[in-house]
Amino acid sequence: MVSPILELKNINKSFGHVHANKNINLTINKGTIHGIIGENGAGKSTLMSIVFGLYKANSGTIKVNGKEINLRSPKDSIVNGIGMVHQHFMLVENFTVLENIILGFEGELVFGKNFVKAKKDLKNLCDTYKLNIDLNSIISDLSVGFRQRVEILKSLYRGAEILILDEPTGVLTPQEVDELFKILRSLNEEGKTIVLITHKLIEIMDLTSQVSVMRQGEMVGHIKTKDTNKEQLAEMMVGRSVLLRLDKSEVKTGDVVFKVEDLTVKDDLDVTRVKNVNLEICAGEILGLAGVTGNGQTELLEALSGIRKVESGEIYLDGKKISDSQNFLNPRELKEKGLAHVPEDRQRMGLVTDFKAYENLIFGYHDQQPFSKSSILNNKDIISHSKTIMEEYDVRPQSPNLITSNFSGGNQQKIILSRELNEKPKVLLVGQPTRGVDIGAIEFIHQRLIDMRDRGAAILLVSVELDEVLSLSDRIAVMFDGKIVGEKENKNVTDRELGLLMAGVV
Amino acid sequence: MATVDKSKVPWWVSNLIVPLVNLTLALFVSGLFIFIAGENPYEAVKLIIYGSFGYIEGFAYTLYYTTNFIFTGLAFAVAFHCRLFNIGGEGQAYIGGLGVFLVAINFSFLPVPIVWFLAVGGAVVFGAAWAFIPAYLQATRGSHVVITTIMFNFIAASLMVFLLVDVIRDTTQMGPHTVALPKEQWFPSFEDFAALLGIKIRYSPLNISFLLAIVASVFVWFLVWKTRWGYEMRAVGHNTQAAIYAGISPYKNIIIAMCISGGLAGLLGVNEILGVHHKIVAGFPAGYGFTGIAVALMGRNHPIGIFPAAFLFGILYQGGSEVTFDMPNITRYMFVAVQGVIILFSGALENLFRPQIENFFVNRLNLKANA
């Protein structure tokens, strides 16, 4: 007889205008491995953060073992036997494994009796679940896979009966993934309940017995894993929402203006994120790059725009080499050559939010005439220029002197877009142009991108919104695990086909 | 506590009311100190006001102190716009003074105005050079400027003691100081100007460096808000990632900001060497570099704020010495404590009441708008 260990009823959670969880109902049975799958931004992590007491739901009830509980902080959920392994580990790097695990649960001022007991208990736990961790090693000496095990051990030591893992394989090598799955299975055999949050279909099929699918903040279905298949899940994940229709003329492509050859890029942790990528973009076309976040799109964009170093491979603009591993142009030089970039994360990279709007409207072009002459800023021209383009791009409110952080997300995006498009670039790199932007602004931004393309710009559109890629692009490439896994003309391509590519199934 | 929508806070609330409330509180706490020490706080305030405004020489002293605080306050502010905490104003001022003296004594064959011009340049270059090393370490190695600049204060102090004792000491004298500069190089002082007008007043250290401080204030305002350099420095300070995206080099801007900061601190040497001592005496920066941090914080890192803040500290320095002179229970160190309280309230505890005050005014304005 299966009994529910965790029950969620009508959970709602909003962040400002974004409704991240809408009336979520979920029942997880004791002793199962339950998968929760969905695209980025579907609300999986938000939901689990509510279960773990990190966020407070706006409404709804949570029951553990049939008893309703009130979660005010992670401490409450730990008491109720809920443990969570986050995507980004919460470990003190210069502490040992042991010190990390007892952190907050020391129970004594001078380490003595409890410390020794903790050590013994942990040894037993390690043996039971074959975790194979040396309790005395320093975290910073451990590989990512081992750090994750420390997190698991930490949850177990604190009495977790339900273990939530948020995208646990995102940071692991294939071998480490195998090891992790072994551990999860042995935990399951010992009677622990496991909740696996992922967007990778293979993992769901491999590991889980039950799966729940989320889409755009809603729970769209619960199903037994053995009764379903990857194709069906992909379809549920992507859904069939109505595409935003745009007035888009037939594509009239010109010469190849932007070419990427065999490009490999590493991230800050020296992990190869972009693997031998080849791309060609012609004048007057939009190449859409679809893919789930974290598959190398960010690093690719950064390398193409001169922010990140190229590991190997070459980038050509107008037939001339602009970057390889030896020589590369910095972002400013690339701008002068006609390459504009709308970055994925507007607040972290695209804007200085403490600046006034007019200061951001010239950001990156501030050293060009007429904005500055011999290092002195020409405020009169800057402000009149700002007024013009704020009007043209319908940035509201139209006050160049307002501090940028006071604009809404959509209007901040318009500030960046107007700045980059106004220079009439030959090549435009756009990352997540409508993330967190309201519907009205989305349409406006899309129309502007189409106008740019009709004017003959070569556009690379990177987006995790499949609808966006489908409605804007002339060609679509899909990125998975740092590689381009498929490239198609945007004719009769279904979102299902792309969904499978994005999940790495085919 | 509700967070305040910053855009709705009128500028005069955050830039005038908040500092005034902090200042009032600091004075109140200081009054308690004085009361506990057995003196009448009201009398003490009267003495401060008399000492700093009551007679012409006293007022001149106030402005002399103000001059020093403007230099060091501006120095801190420039670095702070690039989010660098330059604690090293003290050392940069010390080395800046060395620059002034070396230039003045070695170019004494040139016409005096040119020597002055070069000596000011010497102050800037030496001060900037002293700031360059911590800046370079921050930019390339990530060594935190707070640590390195504070260490460089000690190094500067030791270096100067070594130079003043073993290398450039006036060998005809016992004290650790250099020979005096030729008299014609001395900056015209306030009493010289008064004498021109036929007014005879007693000695005060006020000299034309005060005008240099005003020029420096205008320069900083222009640099930070009107030039590409200031724009790039602020971009790096507020959002380094975005700066890199826009092709602005954080490396270059950290170094530029620190060097300008060090140069401004070095100008303190001009006031002290050309204007007052006419030679290098050991320990002439006397803590102005540190107080400059409080001046900049109180003045919200804007020249228009730094000027009144520096003036306030000038009043406290000058009025404070008057108090310690007339009130036997108040020692010089008591007054250092009073300055400390003001620094505490306007610097470290600057945000103590800010949210409440801003909330209060925002709510009032909303009520008015709704009515």
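Small disclaimer: the values here were computed from a predicted structure and weren't measured. (Residues numbered from 1 in each chain as written. Chains lettered and ligands numbered in written order. Predicted model: local features only at pLDDT ≥ 70, side-chain atom pairs only at ≥ 80, totals over all residues. Heavy atoms only, no water.)

Q: Mind laying out the overall build of chain B, listing which residues take part and the relevant values?
A: Across its full length, chain B carries 16 helices and zero strands. Expected size for 371 residues packed as a compact globule is a radius of gyration near 21 Å; at 22 Å, chain B falls within 12% of this value. The principal-axis extent of the C-alpha atoms belonging to chain B is close to 75 × 60 × 40 Å. Taking as baseline every contact in chain B between residues at least 6 positions apart, the subset at least 24 positions apart corresponds to 77%. Of the roughly 16,700 Å² of accessible surface on chain B, 71% is carried by carbon and sulfur atoms. For chain B, the distance from the average position of its 19 positive side-chain charges to the average position of its 16 negative side-chain charges is 12 Å. (Helix = DSSP H or I, 4+ residues; strand = E, 2+ residues; numbered from the N terminus. Rg over C-alpha atoms; globule rule 2.2 N^0.38 Å. Contact = heavy atoms within 4.5 Å. Areas by Shrake-Rupley, 256 points an atom, 1.4 Å probe, with all protein chains shown as cover. Lys, Arg positive; Asp, Glu negative; His and termini not counted. Charge placed at Lys NZ, Arg CZ, Asp CG, Glu CD.)

Q: Before we move on, can you summarise the sheet that holds strand S19 (residues 427–431) of chain A with the specific residues and values?
A: All names here are of chain A. On the basis of which strands lie adjacent, the open sheet formed by six strands has the order S16-S19-S20-S13-S21-S22 and mixed pairing. The open sheet has two free edges, formed respectively by strand S16 (339–342) and strand S22 (483–489), since each of these has just one partner strand. When the angles between neighbouring strand axes are averaged without regard to direction, this sheet yields 15°. As paired elements, strand S21 (residues 475–480) and S22 share six bridges and run antiparallel to each other. (Pairing = 2+ DSSP bridges. Axes fitted to C-alpha atoms, helices over the stretch in contact; angles between N-to-C directions.)

Q: Account for the nonpolar core, with residues named and values stated.
A: The biggest cluster of nonpolar side chains holds 143 residues, and the ones touching the most others in it are Phe363(A) and Leu264(B). Ranked by the residues each element gives to this core, the list is headed by helix H3 (residues 56–81) of chain B, at 14 residues. Taken domain by domain, this core gets at least three of its residues from each of domain 2 (254–338 + 425–506) and domain 3 (345–423) of chain A. In this structure, Val85(A), Ile133(A), Ile152(A) and Leu165(A) belong to the second largest nonpolar core, which totals 31 residues. (Core = buried A, V, L, I, M, F, W, Y, C linked by side-chain atoms within 4.5 Å. Buried < 20%, exposed > 50% of the residue type's maximum accessible area, 1.4 Å probe, protein only. Domains from an automatic or database assignment.)

Q: Report on unusual backbone geometry, specifying residues and quantitative values.
A: All names here are of chain A. For the peptide bond that leads from Gln369 to Pro370, omega is 0°, which places it in the cis range. Along the chain, Pro370 falls in the loop between helix H12 (357–361) and strand S17 (372–373). The residue Ser374 is not glycine, and still its phi comes out positive at about 35°. Mapped onto the elements, Ser374 comes out in the loop between S17 and strand S18 (376–377).

Q: Hey, could you go over the confidence of the model for chain A for me, with residue numbers and the actual values?
A: Chain-level pLDDT for chain A is 88 on average; 96% of the residues reach the 70-or-more range. Confidence, expressed as mean pLDDT per element, reaches its minimum in chain A at helix H8 (residues 230–238) of chain A with 81 and its maximum at strand S20 (residues 458–462) of chain A with 96. (pLDDT = per-residue confidence, 0-100.)

Q: Please give an account of the sheet that holds strand S12 (residues 272–282) of chain A that cites residues and values.
A: All names here are of chain A. What the four strands build is an open sheet, ordered S12-S11-S14-S15; its pairing is antiparallel. The sheet is open, and its two borders are formed by S12 and strand S15 (320–323), each paired with just one other strand. Strand-to-strand twist of the sheet, defined as the mean angle between neighbouring strand axes without regard to direction, takes the value 25°. The pairing of strand S11 (residues 256–266) with S12 spans seven bridges and is antiparallel.

Q: Describe the interface of chain B and chain A, listing the residues and the values that go with them.
A: Taken together, the contact pairs 22 residues of chain B with 28 residues of chain A. Counting across the chain B and chain A interface gives two salt bridges. Notably, a salt bridge pairs Glu232(B) with Arg332(A), separated by 2.8 Å at the nearest N-O pair. The interface formed by chain B and chain A includes 16 residue pairs in polar contact (both at pLDDT 80 or more). Secondary structure elements with two or more residues in the side of chain B that touches chain A: helix H8 (209–226), helix H9 (228–238) and helix H10 (240–245) of chain B. Sorting elements by how many residues they give to the side of chain B that touches chain A places H9(B) first, with seven residues. Grouping the amino acids of the side of chain B that touches chain A by side-chain chemistry returns 11 nonpolar, six polar and five charged. (Salt bridge = Lys/Arg side-chain N within 4 Å of Asp/Glu carboxyl O. Polar contact = N/O pair within 3.5 Å; in protein donor to acceptor, adjacent residues only side chain to side chain. Nonpolar A, V, L, I, M, F, W, Y, C, P; charged D, E, K, R; others polar.)

Q: So, the pairing of S20(A): which residues are in play, and what are the values?
A: All names here are of chain A. Burial of S20 is extensive: five of the five residues sit out of reach of the surface. Here strand S13 (residues 286–290) pairs with S20 via four bridges, running parallel. Along S20, the bridge assignment pairs Leu287 with Leu460. Bridge analysis of S19 against S20 gives five bridges, and the strand direction is parallel.

Q: Now, about the packing of aromatic side chains: what can you tell me, with residues and values included?
A: Residues and elements named next belong to chain B. Scanning the model with the defined rule gives 24 aromatic pairs over all chains in all. Taking 6.4 Å as the distance between ring centres and 80° as the angle between the ring planes, the aromatic pair formed by Phe59 and Phe311 counts as edge-to-face. One end of the pair, Phe59, is in helix H3; the other, Phe311, is in helix H14 (residues 303–326), and 252 residues separate them in sequence. The class for Phe311 is partly exposed, based on a relative accessible area of 22%. (Phe/Tyr/Trp six-rings, centres within 6.5 Å; stacked < 30°, edge-to-face > 60°.)

Q: Can you break down the pattern of salt bridges residue by residue, with the values?
A: Opposite charge on two side chains makes pairing possible when the charged atoms of those side chains draw close. All names here are of chain A. One pass over the full model with this rule turns up 35 salt bridges over all chains. For the salt bridge of Asp121 with Lys117, the shortest nitrogen-to-oxygen distance reads 3.2 Å. With Asp121 and Lys117 both in helix H4 (residues 113–128), this residue pair falls four residues apart, about one helical turn. Among the residues examined, Asp121 registers a relative accessible area of 28% and is labelled partly exposed.

Q: Mind laying out the domain arrangement of chain A, listing which residues take part and the relevant values?
A: Looking at the assigned domains, one finds that chain A contains domain 1 (4–238), domain 2 (254–338 + 425–506) and domain 3 (345–423). For domain 1 of chain A and domain 3 of chain A, the distance between their C-alpha centres works out to 43 Å.

Q: Go over helix H14 (residues 409–421) of chain A, please, and point to the residues and values.
A: An α-helix turns once per 3.6 residues; consequently, residues spaced three or four apart project the same way. Residues and elements named next belong to chain A. Here H14 is 13 residues long and its end C-alpha atoms lie 18 Å apart, about the 18 Å a rise of 1.5 Å per residue gives. Of all 13 residues that make up H14, 12 are buried, and the element is covered over most of its length. Turning to H14, its buried residues are Gly410, Asn411, Gln412, Gln413, Lys414, Ile415, Ile416, Leu417, Ser418, Arg419, Glu420 and Leu421. (Expected span 1.5 Å × (residues − 1).)

Q: Report on the environment of Glu151(A), specifying residues and quantitative values.
A: Residues and elements named next belong to chain A. Among the structural elements, Glu151 can be located in helix H5 (residues 144–157). For Glu151, a relative accessible area of 2% corresponds to the buried category. Taking C-alpha positions, Glu151 is 9.3 Å from Gly83, a pair spaced 68 residues apart along the chain. Each residue touching Glu151, except ones within four places of it in the same chain, is listed here: Val85, Phe89, Met90 and Leu91.

Q: An account of the side chain of Ser77(A) is requested, with residue identities and associated values reported.
A: Residue and element names in this part refer to chain A. Mapped onto the elements of the fold, Ser77 is located in helix H2 (residues 74–79). Exposure remark for Ser77: the relative accessible area of 0% places this residue in the buried category. Those residues in contact with Ser77, other than ones at most four positions away along the chain, are Val51, Phe52, Gly53, Leu71 and Ile82.

Q: Explain the environment of His81(B) to me, using residue names and the numbers behind them.
A: All names here are of chain B. Among the structural elements, His81 can be located in helix H3. Here His81 falls in the buried class, since its relative accessible area comes to 11%. The residues contacting His81, other than those within four sequence positions of it, are Val224, Trp225, Met233, Arg234, Gly237 and Asn301. Here Asn301 takes part through its backbone oxygen, which lies 2.9 Å from a polar atom of the side chain of His81.

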